[in-house]
Amino acid sequence: MTKLRISIIRLIALICLIGALAAAGPPQDSLRLADLSGRQVAPFAVTDPEVLVFIFVRSDCPISNRYAPEVKRLAQKFADKAKFRLIYPGADETSEAIRQHLSDYEYSLEALRDEQHALVKMTGAQVTPEAAVFVRGKKEWRLVYRGRIDDRYLAFGKMRPAPTVRDLEQTLESVSKGKTLKLRTTTAIGCFISP
Amino acid sequence: MFYFSLKICLTVCFALTVLLCGLSAPAQPVAPTFTRNIAPLVFEYCAACHHPGGSGPFSLMTYQDVRKRARQIAVVTQSRYMPPWPPEPGYGDFVGARHLSDEQLRMIQQWVDAGMPEGDAKDLPAAPQFNEGWQLGKPDLIVKMNEQFIVPASGTDVFRNFVLPIPVEQTRYVKAVEILPGNKQVVHHANILIDRTGNARRQDAADPGPGFGGMEVSIEAESFEPDSHFLFWKPGTVPWVEPDGMAWRCDPGTDLVLNMHLQPTGKPERIQAEIGLYFTDKPQTIFPMLVQLERDGALDIPPGKKDFVVTDEFTLPVDVDVLGVYPHAHYLGKDLQGYATLPDGTRKWLIRITRWDLNWQAVYKYREPVFLPKGTVITMRYSYDNSADNPRNPNHPPKRVKAGNRSSEEMSHLWLQVLPRTREDSRAVLQEALMRQRLKKYPADFTAHFNLAAVLQLAGKTDEAVIHYQQALQANPQSYAALTSLGVIFQEQGRRDEAIRLYRQALRLKPDYVNARYNLSNLLLAAGKVDEAISELRELLRVKPDDAGAYNSLGSALAMQGRLAEAVTSYERSLQLDARNADAHGNLAFVLAQQGRISEAVKQYEEVIRLDATNADAHNELGVLLGQQGRIAEAARHFEQALRINPNHAQARENLKRARGR
């Protein structure tokens, strides 16, 4: 009896361990994304800023494109505190098309590709556009927000004339003021990131 | 929140259906495949916009295209966002309906759940072909916006109107209009209005930048000539071609007003639309009419009100066939209904849109005309949601909203394109009934009094027309159009001085109002004040250099001064601008005859008769000329014809006697 019980406990512990690993995804330090020249970049290996913002986008997603001015505005506003990067998770998009997209929408942000969806899985992003905000912690970066940029879209084709809640901006303001945030998630409306 | 609870509900219902199906048909159905089941749907319902170079943001022409967006496709079809087809099925049978059945939606979901199998390549139907430029082939005439308009990168939707003059030298008949928006991603839909008055040009001049703002354009017509056509464009549809006899008239000086709904895309977008016109030789012989129901005057929606209802009713004074329908509201519109109650009490639905979305507004043409007998009551019943729960509410927090053409204001319009059966003048009968209904709603309304007066004037009910013009002028003393129309009645009644006073008053209010100046010059001409008339006509032609009527009158004035060669030039210019003006042909013939150019004059009279076979004078005068040429038998036939038309035509009788005496 005793023996058996121990083995059950071990089994449970093992499951928990696997679960924890799955939730954390690949460790941040080892995460590599390609830039548009194909070079491997470690997105979390940055020294300066206290905040990392990833915006998942697609070049042909009308909703994520419509957010371009807002993304640029926020990147500008929080330039001192936060490093914004555009993440293109679409394996079907060419680097050339992405360059064209950056130029069309006058983005001056760094663009990275996540064809393997490593960052997609780490953050739990579902659609484009979707934002993930990480804050520098003692050991590793802590995800404090993942979800919509604001509440302008309620569903496909259902949008407000202007947002009433600007989730990403509020998150960045709180973070800038040095508040410690727990992870908050919202549902973003946009083009599904296809598996 | 609402969206997600709905989705859950759908899933539950869906599961239930599957369960029921499973019970009744235990054999597991074969999973749908792309080539056999999905491709035919995508090609029919999606590809018109979603093809390379199409108006959709991405293509859905191949298995790879569809597979990678499969989850998206399942969600947007379930929510009925795509394909965009707002009318409820069963509430009107429309051309180009793109409503997916519940069965089709289930199949898409099953395909996604099954892992999006491609299937056998043999099953794949041929993909539809799309040509990029003009869908109807090369247009007969292309007009282009004279400058680019830039849609800003962000912000709310833009509603902008652009005036495009049509450079035609003579009257043409237009059977189809196509728009190349110049930027398919931005232009959500467009209406075209026909402006024969130069009215929109003035609105354009008053608004800085290319075009002028506003969701709707109102254009006053100077004569009763109801705009009988819906000229509407939306992406992914083949342009409408009018059947024979229904092409619309395009005179020199006509402008098209392109009323566009533009959506920011995230980057500044340049647009410079082109309109292609397709002409036909077949003039308009069938005259449909646009009947408008509306209740803008009752739109006063309190903030927070979730279900504010307005209605309007119109009883048909004649039998009609309804050809098309165009419901219109702005962002608060919720449930838009249009239906007919037949004399026997049965209800016939014309349209219903339960989830109104301005973004997808459209004109809907019936597959088969909907017959509505005289006495049918047409009802418009629109509801509005001015609560914070309506995400499209332009005001946050909600505010009181009244009627207006800005996007923060509301509208309640239901337009029907109807073709009256039987009588010639039924359009006037319809118009009279519409305006009387409008007077019931708005007793001091300028438009109602003015339009009613115009239609009464046309029907020869002058006394009543005068009363309504006077009431129209009470509502708007500055109306140069009402002053002028009243002047016309006085002119016809021989009250020349009163008429001249009204025309001069109208011209003080609006010096470039050509109708008043035209009538004034003709009155002066009739009074023998030829010099004054000529200077008025020259002023008119300075303002409107392509006025065929003014050239005709100027010809007559010059002829009265004996300046025959100049008169001929003036008539010829008039006929260049409008070859169908029988008066100008007749005047030209008369002057040519005076110049001794008999065979040319004969040709002109023949033209008059071709255009107006009932013109007894032309027959008589042609007979005289033929007699001079020795063609006595032909001459006699024309005198006889003149007498058949008008048995009291003394000259023709005399001429006929002489012809027979020879």
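Criteria and cut-off values
- Residues numbered from 1 in each chain as written.
- Chains lettered and ligands numbered in written order.
- Predicted model: local features only at pLDDT ≥ 70, side-chain atom pairs only at ≥ 80, totals over all residues.
- Helix = DSSP H or I, 4+ residues; strand = E, 2+ residues; numbered from the N terminus.
- Contact = placed C-beta atoms within 7 Å.
- Buried ≥ 20, exposed ≤ 12 C-beta atoms within 10 Å, placed from the backbone.
- Pairing = 2+ DSSP bridges.
- Axes fitted to C-alpha atoms, helices over the stretch in contact; angles between N-to-C directions.
- Expected span 1.5 Å × (residues − 1).
- Arc of directions from axis to C-beta.
- Parallel < 35°, antiparallel > 145°, perpendicular 65-115°, else oblique.
- Left-handed = near helix turned anticlockwise from the far one by under 90°.
- pLDDT = per-residue confidence, 0-100.
- Nonpolar A, V, L, I, M, F, W, Y, C, P; charged D, E, K, R; others polar.

Visitor: Is there a simple way to explain the overall build of chain B in this structure?
Guide: The secondary structure content of chain B amounts to 20 helices and 21 strands. Dimensions of chain B along its principal axes, counting C-alpha atoms only, are 100 × 60 × 55 Å. If you take every contact in chain B between residues at least 6 apart in sequence, the share linking residues at least 24 apart comes to 71%.

Visitor: How should I be thinking about the overall build of chain A in this particular structure?
Guide: Tallying secondary structure elements over chain A gives six helices and twelve strands in all. A burial count over chain A gives 38% of its 195 residues as buried. Once local pairs closer than 6 in sequence are excluded, the contacts in chain A between residues at least 24 apart make up 70%.

Visitor: What's the story with the sheet that holds strand β16 (residues 333-341) of chain B in this structure? I'm lost.
Guide: The pairing of strands in a sheet comes from backbone hydrogen bonds and takes either a parallel or an antiparallel form. Residue and element names in this part refer to chain B. As summarised here, the arrangement of the four strands in space is β14-β19-β16-β17, forming an open sheet in which the pairing is antiparallel. Either end of the sheet is taken by a strand with one partner, and the two such strands are β14 (308-315) and β17 (347-353). Neighbouring strand axes in the sheet, compared pairwise and without regard to direction, differ in orientation by 15 degrees on average. For β16 and β17, the ladder comprises six bridges, and the chain directions are antiparallel.

Visitor: Could you clarify how one ought to interpret helix α20 (residues 650-661) of chain B in this entry?
Guide: An α-helix turns once every 3.6 residues. As a result, residues three or four positions apart point the same way. Residue and element names in this part refer to chain B. Here α20 spans 17 Å end to end across twelve residues, near enough to the 16 Å set by a 1.5 Å rise per residue. Among the residues of α20, Ala652, Asn655, Leu656 and Ala659 are the ones counted as buried. Angular distribution of buried residues about the axis of α20 spans 105 degrees; they occupy a single face of the element. Away from its buried face, by an angle of more than 90 degrees, α20 presents the exposed residues Ala650, Glu654, Lys657 and Gly661.

Visitor: Explain the interface of chain A and chain B here, please?
Guide: Interface size, as often reported, equals the accessible area lost upon joining of the parts. Contacts between the two partners involve 24 residues from chain A, matched on the other side by 23 residues from chain B. Listed by contribution, the elements that provide at least two residues to the side of chain A that touches chain B are α2 (62-66), α3 (68-77), β9 (153-155), β10 (158-159) and β12 (191-192) of chain A.

Visitor: How should I be thinking about the packing of helix α14 (residues 548-560) of chain B against helix α15 (residues 564-577) of chain B in this particular structure?
Guide: Describing two packed helices takes the angle between their axes plus the distance from one axis to the other. All names here are of chain B. At their nearest, the axes of α14 and α15 sit 8 Å apart, and the two run at 165 degrees to each other. Here α15 runs roughly antiparallel to α14, going by the angle between their axes. Regarding α14 and α15, the two cross each other, and that crossing is left-handed. Contacts between α14 and α15 involve Ala548, Tyr551, Asn552, Leu554, Gly555, Leu558 and Ala559 from the first element and Leu564, Glu566, Ala567, Ser570, Tyr571, Arg573, Ser574 and Leu577 from the second.

Visitor: So what exactly am I meant to see when it comes to helix α18 (residues 616-628) of chain B here?
Guide: Residues and elements named next belong to chain B. Taking 1.5 Å per residue, 13 residues should reach 18 Å; α18 reaches 19 Å between its end C-alpha atoms and fits that length. Of all 13 residues making up α18, ten are buried, and the element is well covered by its neighbours. Residues Ala616, Ala618, His619, Asn620, Glu621, Leu622, Gly623, Val624, Leu625 and Leu626 constitute the buried set of α18. Of the surrounding elements, those touching the buried residues of α18 are α16 (582-594), α17 (598-611), α19 (632-645) and α20. Backbone geometry just after α18 places Gly630 at a positive phi near 85 degrees.

Visitor: In this structure, what is going on with the sheet that holds strand β9 (residues 255-262) of chain B? I would like to understand it.
Guide: Residues and elements named next belong to chain B. Sheet architecture is open: five strands sit in the order β6-β3-β9-β5-β7, paired in antiparallel fashion. Sheet topology places β6 (212-213) and β7 (231-233) at the edges, where each strand pairs with a single neighbour. Where strand β5 (residues 187-195) lies against β9, eight bridges are found, and the strand directions are antiparallel. Paired with Ile194 across the two strands is Leu256, which belongs to β9.

Visitor: So what exactly am I meant to see when it comes to the confidence of the model for chain A here?
Guide: All names here are of chain A. Mean pLDDT over chain A works out to 87, with 87% of the residues at or above the 70 mark. At the level of individual helices and strands, chain A shows its lowest average pLDDT in helix α1 (residues 2-24), which scores 43, and its highest in strand β3 (residues 51-56), which scores 98. Overall, residues 1-26 carries pLDDT values under 50, and its contacts beyond four positions in sequence, including any with other chains, amount to five contacts.

Visitor: Just checking my understanding: could you explain unusual backbone geometry for this structure?
Guide: A negative phi angle is the norm for most residues apart from glycine, just as the trans form is the norm for most peptide bonds. Following Met82(B), the chain continues into Pro83(B) via a peptide bond in cis, with omega recorded as -15 degrees. The residue Pro83(B) is located in the loop between α4 (70-78) and α5 (102-113) in this model. In this chain, His396(B) is followed by Pro397(B) through a cis amide linkage whose omega measures 0 degrees. The topology assignment puts Pro397(B) in the loop between β19 (377-384) and β20 (401-402). A positive phi angle, close to 55 degrees, is found at Glu106(A), a residue other than glycine.

Visitor: What's the story with the confidence of the model for chain B in this structure? I'm lost.
Guide: Mean pLDDT over chain B works out to 90, with 94% of the residues at or above the 70 mark. Note on residues 1-26 of chain B: pLDDT is under 50 here. Beyond four places in sequence and across chains, it has three contacts.

Visitor: Any chance you could explain the packing of helix α10 (residues 480-492) of chain B against helix α11 (residues 496-509) of chain B here in plain terms?
Guide: All names here are of chain B. Relative orientation of the contacting elements α10 and α11 amounts to 165 degrees, with a least axis distance of 8 Å. One element, α10, and the other, α11, form an angle in the roughly antiparallel class. The handedness of the crossing between α10 and α11 comes out as left-handed. Contacts between α10 and α11 involve Tyr480, Leu483, Thr484, Leu486, Gly487, Phe490 and Gln491 from the former and Arg496, Glu498, Ala499, Leu502, Tyr503, Gln505, Ala506 and Leu509 from the latter. Split by residue class, the contact of α10 with α11 holds nine nonpolar, four polar and two charged.

Visitor: Could you clarify how one ought to interpret the environment of Gly90(A) in this entry?
Guide: Tracing the sequence through the fold places Gly90(A) in the loop between β4 (82-88) and α4 (95-104). Gly90(A) sits 18 residues away from Lys72(A) along the chain, and the two C-alpha atoms are 21 Å apart.

Visitor: What am I meant to see in the environment of Asn476(B) here?
Guide: All names here are of chain B. Within the secondary structure layout, Asn476 lies in the loop between α9 (462-475) and α10. Classification of Asn476 as partly exposed rests on a count of 15 C-beta atoms within 10 Å. The spacing of Asn476 and Leu262 is 214 residues in sequence and 34 Å in space, taken between C-alpha atoms.

Visitor: Honestly, the environment of Ala499(B) in this entry has me stumped. Any pointers?
Guide: Residue and element names in this part refer to chain B. With respect to the helices and strands, Ala499 occurs in helix α11. On the neighbour-count criterion, Ala499 (22 C-beta atoms within 10 Å) is buried. Separated by 43 residues in sequence, Ala499 and Leu456 place their C-alpha atoms 18 Å apart. The residues contacting Ala499, other than those within four sequence positions of it, are Gly487, Phe490, Gln491 and Leu523.

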